[in-house]
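Listed below, chain by chain, are the residues.
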Amino acid sequence: QVQLVESGGGLVQPGGSLRLSCATSGSSANFRFSAMGWYRQAPGKQRELVASITSSGSTAYADSVKGRFTISRDNAKITVYLQMISLKTEDTAVYYCNTASPSGSYQPYWSWGQGTQVTVSS
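Criteria and thresholds
Each residue is numbered by its place in its chain's sequence as written, counting from 1. Local features are withheld for residues below a pLDDT of 70 in this predicted model, meaning they are given only at 70 or higher, and side-chain atom pairs are given and counted only at 80 or more; totals for whole chains, interfaces and linings count all residues. Heavy atoms from the whole structure form the basis of all side-chain values; hydrogens and water molecules are not counted. The salt bridge criterion pairs a side-chain nitrogen of Lys or Arg with a carboxyl oxygen of Asp or Glu, the two atoms within 4 Å. Helix and strand assignments come from DSSP, with helices taken as H or I runs of at least 4 residues and strands as E runs of at least 2, each series counted from the N terminus. Each residue gets one of three labels from its accessible area relative to the maximum for its type: buried under 20%, exposed over 50%, partly exposed in between, using a 1.4 Å probe on protein chains only. Disulfides are defined as cysteine sulfur pairs within 2.5 Å. By the convention used here, strands pair only if DSSP detects at least 2 bridges between them. Angular values range over 0 to 180 degrees, each being the angle between N-to-C directions of two axes fitted as lines to C-alpha atoms, with helices fitted over their stretch in contact. Only the six-membered ring of Trp is used, alongside the rings of Phe and Tyr, when aromatic pairs are assigned; centres must lie within 6.5 Å, and planes under 30 degrees apart are stacked while those over 60 apart are edge-to-face, with the rest tilted. The rule is short: NZ of Lys or CZ of Arg within 6 Å of the ring centre and within 35 degrees of the ring normal puts a charge over the ring.

Moving on, we get to the pattern of salt bridges. Scanning the entire structure with this criterion turns up four salt bridges. The salt bridge partner of Arg-40 is Asp-91, with a shortest N-O separation of 2.9 Å. Placement of the pair is Arg-40 in strand S4 (residues 36-41) and Asp-91 in the loop between strand S8 (79-84) and strand S9 (93-99), with a sequence separation of 51 residues. For Asp-63, the salt bridge is made with Lys-66, and the minimal N-O distance between the two is 3.1 Å. Residue classification places Asp-63 among the exposed positions, given a relative accessible area of 67%.

What follows is the structure, encoded as structure tokens:
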């Protein structure tokens, strides 16, 4: 059973930056061969996939974050990251990681972690 632990969120002003981390536990092989994604859920909205990365490192982004967010992974540390710059108030949400489809679509296979809150506000 893979467990996901997200961290790195916080309160930041518009235009600021944050780096989120998602540590996984369990089989490293499961992580190594899985496409991973960062999802977010804003109050009153459905959870959406904002960034994904395949096992080979190919990335995909939602239009709303393209050019501002960068997803990366470290297979040795079985960790996936999300670097966020030029943050906007509309980026405020709870951010989660989970698997994604290799084509960059919503496809969470593992149980959700607790997420990490990102609040963008002046």
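Now that the structure has been shown, we can carry on.
So, on to the state of the cysteines. For the coordinates displayed, the defined rule picks out one disulfide. Shown here is the disulfide that connects Cys-22 with Cys-97, its sulfur atoms set 1.7 Å apart. Placement of the pair is Cys-22 in strand S3 (residues 18-25) and Cys-97 in strand S9, with a sequence separation of 75 residues.

With that out of the way, let us pick up the sheet that holds S8. With antiparallel pairing, four strands are arranged side by side in an open sheet as S1-S3-S8-S7. The two strands at the open ends of the sheet, each matched to only one other strand, are strand S1 (3-7) and strand S7 (69-74). Taken pair by pair, the neighbouring strands of this sheet meet at an average axis angle of 15°, ignoring direction. Alignment of S7 against S8, held across six bridges, turns out to be antiparallel.

So, on to the packing of aromatic side chains. Both the distance between ring centres and the angle between the ring planes are used here to describe each pair of aromatic rings. This model, assessed by the stated rule, comprises three aromatic pairs. Ring geometry for Tyr-39 versus Tyr-106: centroids 5.0 Å apart, planes at 85°, classification edge-to-face. With a gap of 67 residues between them, Tyr-39 in strand S4 and Tyr-106 in the loop between S9 and strand S10 (116-120) connect regions that are remote in the sequence. You can call Tyr-39 buried: its relative accessible area is 0%. Relative to Trp-112, the ring of Tyr-39 has its centre 5.2 Å away and its plane inclined at 90°; by these criteria the two rings are edge-to-face. Of this pair, Tyr-39 sits in strand S4 while Trp-112 sits in the loop between S9 and S10; the two residues are 73 residues apart in sequence, bridging distant segments of the chain. A relative accessible area of 31% places Trp-112 in the partly exposed class. A network of ring pairs unites the aromatic residues Tyr-39, Tyr-96, Tyr-106 and Trp-112 as a single cluster. Sitting above the plane of the Trp-112 ring, Arg-47 keeps its charged end 4.1 Å from the centroid. Seen from the ring of Phe-31, Arg-73 lies directly overhead, with NZ or CZ sitting 4.6 Å from the centre.

This next bit is on the pairing of S1. Every regular strand shows the same layout, with side chains that alternate between the two sheet faces. The alternating pattern of S1 places Leu-4 and Glu-6 on a buried face and Gln-3, Val-5 and Ser-7 on a face that is not buried. Of the strand pairs in this sheet, S1 and S3 are connected by five bridges, and their pairing is antiparallel. Directly across from Val-5, in S3, lies its bridge partner Ala-23.

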